[in-house]
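Chain and residue survey
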Amino acid sequence: MVQPEYEQSRQKRLEENRKRMEALNLPQLSQALRQFSPGLTTPPMKQRKPRTVEKKMVPVRRSDRLSGEPGPVYLEVDVDRYDRVTIPRRVSKARDLSNRVYASEEERSYSIKRAEEVQAALDATHPSFVKPMLPLHVSGGFWLGLNVSFCKRHLPNRDSEVTLIDEDDEEYPTVYLPRKTGLSGGWKGFAVAHDLTDGDALVFQLIKPTAFKVYITRASGFKKTAA
């Protein structure tokens, strides 16, 4: 059985809550919400009309040249003429290297000593150096590396044509490569024409900025003197 004091107290609280709701205008707000569709607690969102994008077909250009401008004219260019020095090939006699022999130490020493004697007799106003021949200089790759310090002091710092002049004053153009401080194209023609072999020694005398006078001493001369 509910006690009268509790019932009175409950009724009093209900009355106070009703007055608070009326003061906050809550009954009118609740009635306004019921005007919407049942089950929805918020008004429905306005649907947006999908935007349509008009597509146009246009020709695709892969060139940077402006449309309507004349096309470029391509000409054949001799790249060798501008980028590197080339030496015309000269016909040289073929050599039979199947029976070639290598120089002994005595033969090498003899040719170098003779080359130094030739160098000492030359005009000192023209710089010179002695270069002994090895197999890689006179066969196979035919590459001639020169004295590095000499090249840095006296030869051009770009690819150049350097002329070799033998003792008969015949000229042989070669390609000088400063990156490798040596002679490439044209050196083979000089080596073959003068039948250079392992052990020979050459004296290079710079008589012009890009021209060497070349003197050859033969390793084979050692056997003649020994006999």
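Right above here is the structure, for reference.
Everything numeric here is computed off the predicted structure, so don't read it as measured data. (Residues numbered from 1 in each chain as written. Predicted model: local features only at pLDDT ≥ 70, side-chain atom pairs only at ≥ 80, totals over all residues. Heavy atoms only, no water.)

The helix and strand inventory of the chain stands at 8 helices and 7 strands. In the chain, which comprises 227 residues, the share counted as buried stands at 27%. Put simply, 59% of the contacts in the chain that link residues at least 6 apart link residues at least 24 apart. Surface exposure of the chain reaches about 17800 Å², of which carbon and sulfur atoms provide 53%. (Helix = DSSP H or I, 4+ residues; strand = E, 2+ residues; numbered from the N terminus. Buried < 20%, exposed > 50% of the residue type's maximum accessible area, 1.4 Å probe, protein only. Contact = heavy atoms within 4.5 Å. Areas by Shrake-Rupley, 256 points an atom, 1.4 Å probe, with all protein chains shown as cover.)

For the rest of this paragraph, the subject is the sheet that holds strand E1 (residues 128-132). Here 7 strands make up an open sheet; going across it, the order is E1-E6-E7-E3-E4-E5-E2 and the pairing mixed. The sheet is open, and its two edges are formed by E1 and strand E2 (144-145), each paired on a single side. Where strand E3 (residues 160-165) and strand E7 (residues 211-217) come together, 3 bridges link them in parallel fashion. Within the sheet, the bridge partner assigned to Leu164 lies in E7 and is Phe212. (Pairing = 2+ DSSP bridges.)

Its 17 residues place the ends of helix H4 (residues 105-121) 25 Å apart at the C-alpha level, agreeing with the 24 Å of an ideal helix rising 1.5 Å per residue. Looking only at H4, the buried set comprises Glu107, Arg108, Ser111 and Ala115. Buried residues along H4 cover an arc of 100° about the axis, so they all sit on one side. Facing away from the buried surface of H4 by more than 90 degrees, the exposed residues are Glu105, Lys113, Ala120 and Ala121. (Expected span 1.5 Å × (residues − 1). Arc of directions from axis to C-beta.)

Any link to function would need more than the numbers given here.
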